[in-house]
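# Secondary and tertiary structure notes
Here are the chains, one letter per residue:
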Protein chains: 2
Amino acid sequence: MATTTAAERRQQARVEYDAFLKSCPTNQLLDRISDKWVSLIVSALADADGPMRYSGLGRRIAGVSPKMLTQTLRSLERDGIVSRTVTPSVPVRVDYELTPLGANLSCLLTAVKDWAEHHIEEVVEARERYDASSEAS
Amino acid sequence: MATTTAAERRQQARVEYDAFLKSCPTNQLLDRISDKWVSLIVSALADADGPMRYSGLGRRIAGVSPKMLTQTLRSLERDGIVSRTVTPSVPVRVDYELTPLGANLSCLLTAVKDWAEHHIEEVVEARERYDASSEAS
DNA sequence: GGTGCCTACTTACCAATGGATAGTAACTCT
DNA sequence: AGAGTTACTATCCATTGGTAAGTAGGCACC
């Protein structure tokens, strides 16, 4: 025994942390928000004032597959960030809209987008510098 | 001919959009920021004042695998968000620290984290409501 | 003096995630 | 009657990310 090596300690830390993570909903929420499609969908819905339809979102975001679009919308609906209203007209019509909570969130995402737009040049420069110096090796 | 169906139009939209996306660095940057590990690493570095070591970050974030930790740190370094300093002491020592740009970004991520902490209850309630109503079906 | 540990990774493999494409239901239009 | 509409599922496959083990190079312990 006494095989309490670094590997074991790491293992144990992981198990403890897992329990912590699973029980900490803030982390879950952070995960949800830190999703590519979530930010794109929320900002699309924020830009358009008024509801958007499934196909409209698909066209707006375009890079998204129907699968991911549905999946992400469902999870956002579950979290109370978007609302989904089905109008059983001739071909069904489904409208998605930000809830007040979602509108609140969209402010943050807009801030992130603005940051990205403001600082993109610095990042691009940093990348060029980095690439140049590693090529030179 | 004249097979210009919905599928074709969608295809074309996708191609156009792809070109747009590839050429739009803001979107790339948004992608980078919208990453689980990025937000965790940046906020870990922001919390600790002063540099953190590789193993320290690994312990702090714990759920991260060494692979992802290295990968994410490299990309953040490339983007000029963290700085990496190697001290060739007895066992090598590597320190990571936020650059000014990174510190700037961390404000945003802190805001997101705060939002998550403030609104988690609403989200949990929304989830319960959603799950209850779909179970009832 | 050799076994083992330290740090900071890299590598190989494998499961899960996400994307492309096609299909479905219910109905209308031609 | 066949094609088109909307809002999705379903299937398959590529890519991503996780797990675990290995690597380098030096020191400490036995």
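The rules behind these values
- Residues numbered from 1 in each chain as written.
- Chains lettered and ligands numbered in written order.
- Predicted model: local features only at pLDDT ≥ 70, side-chain atom pairs only at ≥ 80, totals over all residues.
- Heavy atoms only, no water.
- Helix = DSSP H or I, 4+ residues; strand = E, 2+ residues; numbered from the N terminus.
- Buried < 20%, exposed > 50% of the residue type's maximum accessible area, 1.4 Å probe, protein only.
- Contact = heavy atoms within 4.5 Å.
- Patch = residues over 30% accessible without salt bridge, like charges linked within 9 Å, V, L, I, M, F, W, Y side chains within 5 Å.
- Areas by Shrake-Rupley, 256 points an atom, 1.4 Å probe, with all protein chains shown as cover.
- Salt bridge = Lys/Arg side-chain N within 4 Å of Asp/Glu carboxyl O.
- Lys, Arg positive; Asp, Glu negative; His and termini not counted.
- Charge placed at Lys NZ, Arg CZ, Asp CG, Glu CD.
- Near = heavy atom within 4 Å.
- Polar contact = N/O pair within 3.5 Å; in protein donor to acceptor, adjacent residues only side chain to side chain.
- Nonpolar A, V, L, I, M, F, W, Y, C, P; charged D, E, K, R; others polar.
- pLDDT = per-residue confidence, 0-100.
- Axes fitted to C-alpha atoms, helices over the stretch in contact; angles between N-to-C directions.
- Parallel < 35°, antiparallel > 145°, perpendicular 65-115°, else oblique.
- Least-squares fit on C-alpha atoms with pLDDT ≥ 70 in both.
- Pairing = 2+ DSSP bridges.

## Structural notes on the side chain of A:Thr99
All names here are of chain A. Along the chain, Thr99 turns up in the loop between strand E3 (93-98) and helix H6 (100-135). A relative accessible area of 16% means that Thr99 is categorised as buried. Setting aside anything within four residues of it in sequence, one finds Thr99 in contact with Gly80, Ile81, Val82 and Ser83.

## Considering a negative patch on the surface
Where like charges cluster on the molecular surface, the negative patch consists of A:Glu121, A:Glu122, A:Glu125 and A:Glu128. With respect to the helices and strands, A:Glu121 occurs in helix H6.

## Let's talk about the protein's contact with DNA strand D
Around DNA strand D sit 23 residues in total, of which A:Arg84, A:Val94, A:Tyr96, B:Lys67 and B:Met68 are the nearest. Looking at DNA strand D alone, sugar and phosphate atoms form 70% of those within 4 Å of the protein. In the model, a phosphate oxygen of DNA strand D is placed 2.3 Å from a nitrogen or oxygen of the A:Arg84 side chain. The backbone of A:Val92 places a nitrogen or oxygen atom 3.1 Å from a sugar or linking oxygen of DNA strand D. Taken together, the elements giving at least two residues each to the surface near DNA strand D come down to helix H4 (54-61), helix H5 (66-78) and E3 of chain A together with helix H1 (6-23) and helix H5 (66-78) of chain B. Broken down by element, the surface near DNA strand D gets its largest block of residues, 4 residues, from H5(A). For the surface near DNA strand D, a count of residues per class yields 10 nonpolar, 5 polar and 8 charged.

## Some words on the confidence of the model for chain A
All names here are of chain A. Summary statistics for chain A give a mean pLDDT of 83 and a share of 81% for residues scoring 70 or more. Mean pLDDT values over the elements of chain A span from 54, in helix H1 (residues 6-23), up to 96, in E3. Predicted confidence for residues 1-7 stays below pLDDT 50, and this span has 2 contacts to residues more than four positions away or in other chains.

## Re the packing of helix H3 (residues 36-47) of chain A against H5(A)
All names here are of chain A. Direction vectors running N to C along H3 and H5 enclose 75 degrees, while the axes themselves pass 10 Å from each other. When the interaxial angle is binned, H3 and H5 end up roughly perpendicular. Facing Trp37, Val38, Ile41 and Val42 of H3, the residues of H5 in contact are Met68, Leu69, Thr72, Leu73 and Leu76. Of the residues that constitute the contact of H3 with H5, the class distribution is 8 nonpolar, 1 polar and no charged.

## Thoughts on the relation of the copies chain A and chain B
The two copies are related by a screw operation: chain A maps onto chain B through 180 degrees of rotation and 0.0 Å of translation along the axis, at an RMSD of 0.1 Å. What we have between these two chains is a two-fold relation. Judged by C-alpha distance, A:Ser34 is the residue of chain A that lies nearest the rotation axis, at 2.2 Å. With an isologous cut-off of 70% or more, the 100% of interface residues of chain A that recur at the interface of chain B puts this contact in the isologous class.

## Looking at the sheet that holds strand E2 (residues 82-87) of chain A
Residue and element names in this part refer to chain A. If you walk across this open sheet you meet the 3 strands as E1-E3-E2, and the pairing is antiparallel. The open sheet has two edge strands, strand E1 (52-53) and E2, and neither has a second partner. Judged from the 6 bridges that link them, E2 and E3 form a sheet pairing that is antiparallel. Considered in E3, the bridge of Thr85 is made with Asp95. Contacting E2 and E3, H5 crosses the sheet at an angle of about 110 degrees to E2.

## Regarding the sheet that holds strand E3 (residues 93-98) of chain B
All names here are of chain B. Taken in spatial order, the 3 strands of this open sheet run E1-E3-E2, and their pairing is antiparallel. What marks the edges here is a single partner per strand, and that holds for strand E1 (52-53) and strand E2 (82-87). Strands E2 and E3 of the sheet are contacted by H5, whose axis makes an angle of about 110 degrees with E2.

## So, the pairing of E3(A)
Residue and element names in this part refer to chain A. One ladder, built from 2 bridges, connects E1 with E3; its direction is antiparallel. The partner of Arg53 across the bridge, within E3, is Asp95. Taken together, E2 and the strand that follows it, E3, pair antiparallel across an intervening segment of 5 residues.

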